[in-house]
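# Survey of secondary and tertiary structure
One-letter residues, chain by chain:
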Amino acid sequence: MRTPALFFIVLLLFVVSSCRKDVEVFMNEDTSLDSSAQNGFAGFYLLNEGNMGSNKSTLDYFDYASGKFQRNIYAAINPNVPKELGDVGNDIAIYGNRLYAVVNASNKVEVMDARTARRIGQIQIPNCRYIKFDKGFAYITSYAGPIEVNPNYTQKGYVAKIDTTTLAMVDKCIVGYQPDGLEITNGKIYVANSGGYMGAGNTEKYERTVSVIDLATFKEDKRIDVAYNLHHIKADKRGDLWVTSRGDYKKLASRLYFIDKLQQKVTDTLPIAVSNYYLDGDSLYVYSTEWSYITYSNVITYGIVNTRTHEIVSRSFITDGTDKEIEIPYGIMVHPVTKDIYVTDAGNYVSPGLLYCFTKEGKKKWSVRTGDIPAHFALLPKS
Amino acid sequence: MSNVLKTLLSTFLAFIGTHLYGQQTYRDSTRVDTGGVKTLRGVTIYTSVYKEVIPSQKLSGDNLKSLNSFSVADAIRYFAGVQVKDYGGIGGLKTVDMRSMGTNHMGVFYDGIQLGNAQNGQIDLGKFSMDNIESIAVYNGQKSDIFQPARDYGSSGSIYLRSRKPVFDSSKTTNFKGVFKTGSFDLINPSVLFERKLTENINYSISSEFIKSSGRYPFRYKRVYHKSGDIAWDTTAIRQNGDINALRVESGIYGNINRGVWNAKAYFYDSERGIPGAIVNNVWMRSQRQWDRNFFLQGSLQKNVLPKYDIQVNAKYANDYMRYLNPDPTLMHIDNNFRQQEWYGSVANKYSVTKKIDINLSTDFQYNTLNSNLDGFVSPKRFTSLVALAGAAELGKLKMQASLLGTFVDERVTRGNAASGDSAIAAPSKNEVTPAVFLSYKPFPQTDFNIRAFYKNIFRMPTFNDLYYTDIGDISLKPEYTHQYNLGFAYRKSRAGALLSEWQLQSDFYFNQVTDKIVAVPKGSGMYRWMMMNIGEVEIRGVDVVSDLAFSLPKGVLLNVRTAYTYQTAQDFTKRKSKELQKITYGGQIPYIPWHSGSVISSIQYQSWRLNYSFIYVGERYQNSANIPENYEQPWYTSDVSASKNIQFKRYRFRISGELNNVFNQDYEVVLNYPMPKRNYKIILSVEL
């Protein structure tokens, strides 16, 4: 019986030795990147989207006082929240003393304390996309339109009006198909409709309008025709609007459009592709990633547009060659005081990305590993 | 057993931590069947039996029954070097990956002919129930038989599933079997089998099975605080939308002719299932549905035409329908259907040059089509011609096989739903010639000890989805190659009458390279747009160990223990544009491949009683090549037990068995956010006459 006995002893040893431990709550990791800086802001949050289905949307924080980057802080600060922050963080903003993270595939807006990132509650909105605020209300775009009994049913999206004191929805305004970015200026909400679910096989099915909602009545006033598949919308100092079109990913390239606030129509367009942008004063920092069917690779471009003169004043804001290393630029922010430029690299979407900090001259100051698909910034003012 | 060997074995077992398990390699169906049926399954084939020179693992007969496996995928988990990706539940997707080369490199053969899926290259082995499966064999490289269709040479690894074939003892002309399974997940699973001897040389069989399950099971997620270990959160919920309704009918006719055999079979599978989806924050239930309808007709003829010349003819027609529905009004409404057809024919010719040397020439032709209502989809058609030239030689102590496979692929597209103005261009033709060499050396004439080695270079074609899927596909994709190098040994000893009546050990060391791996990469900006590209490079270094022990204990008690263990490093050497990002993923273990994995299958048999225990261990792994804490997946290990009793009552043979799976109620995930069932049970009643 020697061999079987030995066998069972080894088996037993194995079973005992391989017992697994309980899974621990994620701890944030801190990296020192910079010296302490006084620049009017306490720090900034960086929301990582995480690939869809991975539930890996995470929150990072950069602290100006210590120069430290804190990676993955949400679970450490909110250890009791099942399944952490959620799936696909799509937008982040600070309003008052609260931090709002729009978590698209978790069908919610996470509401946190802006100073501590401690969870306060959540706003339930299916397929939510972007958020803006005005006079105590949050306005959130959603792809999830009304349910209709219709075999050819197609979903229109809406803008939800949320009371930020109660976190309850008080009203809803139906807009175009798959609304994305929104902007609030001059008593109006401007919503960029994309039609992203409709146009995959047929360009004509994309939306090409901006919905204009009157803030007072919360009703859609009119539509402004712009271009196919709109994405971002932003008002400049003068209240005029800069809208981006994704194009159809095929022959029609991405492009930047200008809506005059008085005429309420497109009066200018610039031949520059825009995946994302950041407006600082009159400088619109722009980058784009577009697929080329000629080279079968992503073509990445950077640029600065002067919103006053409508001129492309620069074709690069990264000047030290680091741009050659960036795989997929995905998020951008310019510090209002120091003019440091922050750019994220989403890499291959399924593994960690990078956050770069460049000086205003475009020289790399530092870079750091982030969560998966680092994307959206929110600057935290000093208290 | 000599002391030296005993020590060697013990050391081996101790060294590898004994999560080995074994498969039975050579003996199988001729073993005692407790039911008392004279099982001489498999009809004599008029070819010389060539002993295997290629590493293989096989489970059949009672060993297969002793596993509490519902689907083929459940059983395949017990093989060394094989990883199963299991999304959980009875209806959940289950795909197999051999030696970490990727699921598209596996060929799955059902009753001798490959199951195709030109659309995505994956065979969901969860759809194949164990009900009518008699044996499962897994081969690294290719099957050890040169007399086979060219397509059998065309995968990096192959799984052969064999369904039950009718066999009658002299007095009987009819067999009947009825089985009823029920248990957790509200499972109702009846099946019937009827076999009839039509003439002296022709047998007929029909079998049918129905599966209905709610797919509901409780699962639990829990996190504890760092250091203190106190519970941070602990949630138990019910898995929803994992229901399945499936019907399988298959029928075959098996004949003998002068110096040959033939068979023809039809297979039909129809199912509707829920896709349970990922569990993420605030979303604990999904509503996506999938319908599948698979039908195939296949036939095979093998005949010894001239004294030295054998011919084998195979043909198949397959028609597959799949519908995917996303009815969730808050998401993109999707209602897509995909229709695939395959026509296949093969002729293999074997010529025995001498008694020791055989050569084989096989030519196959295959035609695949895919149609879909997906927006922007072009309808591809693929013409594949395959020619394989192979030789086998037995030179005393040395046996060898070598083969050369030529693959010639030509594709066309029709416009399908592509918008006017969009390009609808077929991928360029591909002509590939790939070799394989297998050697086996038996140094001692009296000892059943073999050393074996092989090299194989093969590729997988980009699938229709890789090439043509709206927006994602890339027609310029090249095939994805694998290079396999293997060195191993097998030792076997039988000692009739001894306590340890039989034991065997086999082990293989291997190095595999996957080059031009087809990987989805981000395309353009945002919105989850992807593009397939040939950028991946993976290197796999591994060792598989399989041991098999059979004990004859006093009082007629038989104990069988099989253990298998695999150690693998499967590293991602994909070069990246960003050196800083490359540092994070370069050299990392590829997703979901554990370094250590293993299994144990054991059974005790006493008269009509049988007790089985099986154990699976999958070690720690990462969800991504970035091997960082956020991507860490815990090890998991489950123990399954079952007991069965055979009862003979007049002409009826009853069998009753009870199964308990995941005995220790472990909460685990094979794939991130897809929780697996906790402890569950099944009761099986069967009657044969």
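All values derive from a computational prediction rather than experimental measurement.

Each helix and strand in chain A was counted, giving two helices and 29 strands. By the burial criterion, 61% of the 383 residues in chain A qualify as buried. Here the contacts in chain A between residues at least 6 apart in sequence split such that 47% fall between residues at least 24 apart. When the accessible surface of chain A is split by element, carbon and sulfur atoms take 53% of a total near 14400 Å². Taking the 43 positively charged and 42 negatively charged side chains of chain A as two groups, their mean positions are separated by 1 Å.

Attention shifts here to the overall build of chain B. Helix and strand counts for chain B come out as five helices and 36 strands. Its C-alpha radius of gyration of 25 Å places chain B within 12% of the 26 Å reference for a compact globule of 689 residues. Judged by the C-alpha coordinates and their principal axes, chain B covers about 70 × 65 × 50 Å. A total of 689 residues make up chain B; the buried ones form 61% of that total. Once local pairs closer than 6 in sequence are excluded, the contacts in chain B between residues at least 24 apart make up 65%. Roughly 26400 Å² of accessible area belongs to chain B as shown, and the carbon and sulfur atoms make up 60% of that amount. In chain B, 81 side chains carry a positive charge and 60 a negative one; their mean positions are 6 Å apart.

Another point: the packing of aromatic side chains. The final tally for this structure, using the stated rule, is 51 aromatic pairs over all chains. Centre to centre, the rings of B:Phe449 and B:Tyr491 are 6.3 Å apart; their planes meet at 55 degrees, and the pair counts as tilted. With B:Phe449 in strand 22 (residues 448-460) and B:Tyr491 in strand 23 (residues 480-494), this pair connects stretches of sequence that are 42 residues apart. Three or more aromatic residues link up through ring pairs in this structure, and these residues are A:Phe44, A:Phe62, A:Tyr64, A:Tyr342, A:Trp366 and A:Phe377. Taking NZ or CZ as reference, B:Arg99 lies 3.7 Å from the ring centre of B:Tyr510, over its face.

Bringing the interface of chain A and chain B into the picture now. Each partner contributes residues to the interface: chain A has 92 residues there, and chain B has 86 residues. Between chain A and chain B lies a buried interface of about 7500 Å² when both sides are counted; carbon and sulfur atoms form 58% of it. Across the chain A-chain B interface, the total number found is three salt bridges. Notably, a salt bridge pairs A:Glu327 with B:Arg576, separated by 2.8 Å at the nearest N-O pair. Across the contact surface, chain A and chain B share 34 residue pairs in polar contact (both at pLDDT 80 or more). Per-element tally for the side of chain A that touches chain B: the top contributor is helix 1 (residues 2-17) of chain A, with nine residues.

Further remarks concern a nonpolar patch on the surface. Residue and element names in this part refer to chain B. A contiguous nonpolar surface patch, about 930 Å² in accessible area, is contributed by Phe-180, Ile-188, Ile-647, Phe-649, Tyr-652, Phe-654, Ile-656, Leu-660, Tyr-681, Ile-683 and Leu-685. For the nonpolar patch, the secondary-structure elements that each account for two or more residues are strand 32 (636-649), strand 33 (652-661) and strand 36 (680-688). In terms of residues, the nonpolar patch owes the most to one element, strand 33, which gives four residues. Its location among the elements puts Phe-649 in strand 32. On the basis of relative accessible area, Phe-649 is assigned to the partly exposed category, the value being 48%.

This brings us to the sheet that holds strand 29 (residues 374-381) of chain A. All names here are of chain A. Here we have five strands laid out as an open sheet, ordered 1-4-3-2-29, and antiparallel in their pairing. Two strands close off the open sheet at either side, each with one partner strand: strand 1 (29-32) and strand 29. Across the sheet, the mean angle separating the axes of adjacent strands is 20 degrees when strand polarity is ignored. Pairing of strand 2 (residues 41-48) with strand 29, which is carried by seven bridges, proceeds in the antiparallel orientation. By the bridge assignment for strand 29, Leu-47 is matched with His-376.

Once that is clear, we can look at the side chain of B:Asn337. All names here are of chain B. Here Asn-337 is to be found in strand 17 (residues 334-352). Relative accessible area serves as the criterion here: at 17%, Asn-337 is assigned to the buried category. Once you skip the residues sitting within four places of it in the chain, Asn-337 turns out to touch Tyr-321, Met-322, Arg-323, Asn-371, Ser-372 and Asn-373.

Quick look at the environment of A:Leu85 now. When you line up the elements, A:Leu85 lands in the loop between helix 2 (74-77) and strand 5 (89-95). Counting along the chain gives 244 residues from A:Leu85 to A:Pro329, while the straight-line C-alpha distance between them is 23 Å. With residues near it in sequence (within four places) discarded, A:Leu85 still touches A:Leu47, A:Ser57, A:Thr58, A:Leu59, A:Tyr74, A:Val103, A:Lys108, A:Glu110 and B:Asn281.

Below, the discussion takes up the domain arrangement of chain A. All names here are of chain A. Taken as a whole, chain A is organised into domain 1 (1-39 + 48-77 + 278-383) and domain 2 (125-271). A separation of 27 Å is found between the C-alpha centroids of domain 1 and domain 2. The partner domain 2 presents 15 residues to the 13 residues of domain 1 that form the contact. In total, about 1200 Å² of surface goes out of reach between domain 1 and domain 2, with carbon and sulfur atoms giving 62% of it.

So, about the pairing of strand 21 (residues 276-280) of chain A. Residues and elements named next belong to chain A. Of all five residues making up strand 21, four are buried, and the element is well covered by its neighbours. As paired elements, strand 21 and strand 22 (residues 283-292) share five bridges and run antiparallel to each other. Note that in strand 22 the partner of Tyr-278 across the bridge is Tyr-285. Connecting strand 21 to the next strand, strand 22, in antiparallel fashion are two residues, including Gly-281 with a positive phi near 60 degrees.

The subject of this paragraph is the UniProt feature "domain: TonB-dependent receptor plug" (unreviewed entry) in chain B. Listed under "domain: TonB-dependent receptor plug" (unreviewed entry) in the UniProt record, and renumbered for this structure, are residues 56-146 of chain B. Taken end to end, residues 56-146 of chain B has its terminal C-alpha atoms 15 Å apart, with 11% of it in helix and 33% in strand.

So, about unusual backbone geometry. Apart from glycine, the bulk of residues carry a negative phi angle, and the bulk of peptide bonds sit in the trans form. All names here are of chain A. The phi torsion at Asn-55 lies on the positive side, around 60 degrees, for a residue other than glycine. Looking at where Asn-55 falls in the secondary structure, it is placed in the loop between strand 2 and strand 3 (58-63). Positive phi, normally seen in glycine, also occurs at Asn-186, with a value near 55 degrees. Note on placement: Asn-186 falls in the loop between strand 13 (179-185) and strand 14 (188-193).

This paragraph deals with the sheet that holds strand 22 of chain A. All names here are of chain A. As summarised here, the arrangement of the four strands in space is 21-22-23-24, forming an open sheet in which the pairing is antiparallel. Edge strands, defined here as strands with exactly one partner in the open sheet, are strand 21 and strand 24 (311-314). Strand-to-strand, the axes of this sheet are offset by a mean angle of 35 degrees, without reference to chain direction. As judged from the three bridges shared by strand 23 (residues 297-306) and strand 24, these two strands associate in the antiparallel manner. The residue bridging Asn-306 from the neighbouring strand is Glu-311, located in strand 24.

Right, let's get into the environment of B:Thr407. All names here are of chain B. Counting through the fold element by element, Thr-407 comes out in strand 20 (residues 398-414). Judged by its relative accessible area of 6%, Thr-407 is buried. Discounting residues that sit within four places of it in the chain, Thr-407 has contacts with Thr-384, Ser-385, Leu-386, Lys-430, Asn-431, Glu-432 and Phe-459.

Right, let's get into the nonpolar core. Generally speaking, a soluble globular protein has its nonpolar side chains buried in company with each other. By size, the foremost hydrophobic cluster in this structure holds 61 residues, and its most contacted members are B:Val72, B:Ile76, B:Leu125, B:Ile136, B:Ile159 and B:Leu161. Here the element with the most residues in this core is helix 3 (residues 72-76) of chain B; it accounts for four residues. What B:Ile136 contacts, discounting residues up to four positions off in sequence, is B:Gln57, B:Lys58, B:Leu59, B:Leu64, B:Val72, B:Ala75, B:Ile76, B:Phe79, B:Met130, B:Ile159, B:Tyr160 and B:Leu161. Judged by nonpolar contacts, the second largest core, of 26 residues, contains A:Val334, A:Val343, A:Ile373 and B:Trp530.

Definitions and cut-offs
Residues numbered from 1 in each chain as written. Chains lettered and ligands numbered in written order. Predicted model: local features only at pLDDT ≥ 70, side-chain atom pairs only at ≥ 80, totals over all residues. Heavy atoms only, no water. Helix = DSSP H or I, 4+ residues; strand = E, 2+ residues; numbered from the N terminus. Buried < 20%, exposed > 50% of the residue type's maximum accessible area, 1.4 Å probe, protein only. Contact = heavy atoms within 4.5 Å. Areas by Shrake-Rupley, 256 points an atom, 1.4 Å probe, with all protein chains shown as cover. Lys, Arg positive; Asp, Glu negative; His and termini not counted. Charge placed at Lys NZ, Arg CZ, Asp CG, Glu CD. Rg over C-alpha atoms; globule rule 2.2 N^0.38 Å. Phe/Tyr/Trp six-rings, centres within 6.5 Å; stacked < 30°, edge-to-face > 60°. Lys NZ or Arg CZ within 6 Å of the ring centre and 35° of its normal. Buried area = accessible area lost by both parts, 1.4 Å probe. Salt bridge = Lys/Arg side-chain N within 4 Å of Asp/Glu carboxyl O. Polar contact = N/O pair within 3.5 Å; in protein donor to acceptor, adjacent residues only side chain to side chain. Patch = residues over 30% accessible without salt bridge, like charges linked within 9 Å, V, L, I, M, F, W, Y side chains within 5 Å. Pairing = 2+ DSSP bridges. Axes fitted to C-alpha atoms, helices over the stretch in contact; angles between N-to-C directions. Domains from an automatic or database assignment. UniProt positions renumbered as here; feature names shortened; annotations may be inferred. Core = buried A, V, L, I, M, F, W, Y, C linked by side-chain atoms within 4.5 Å.

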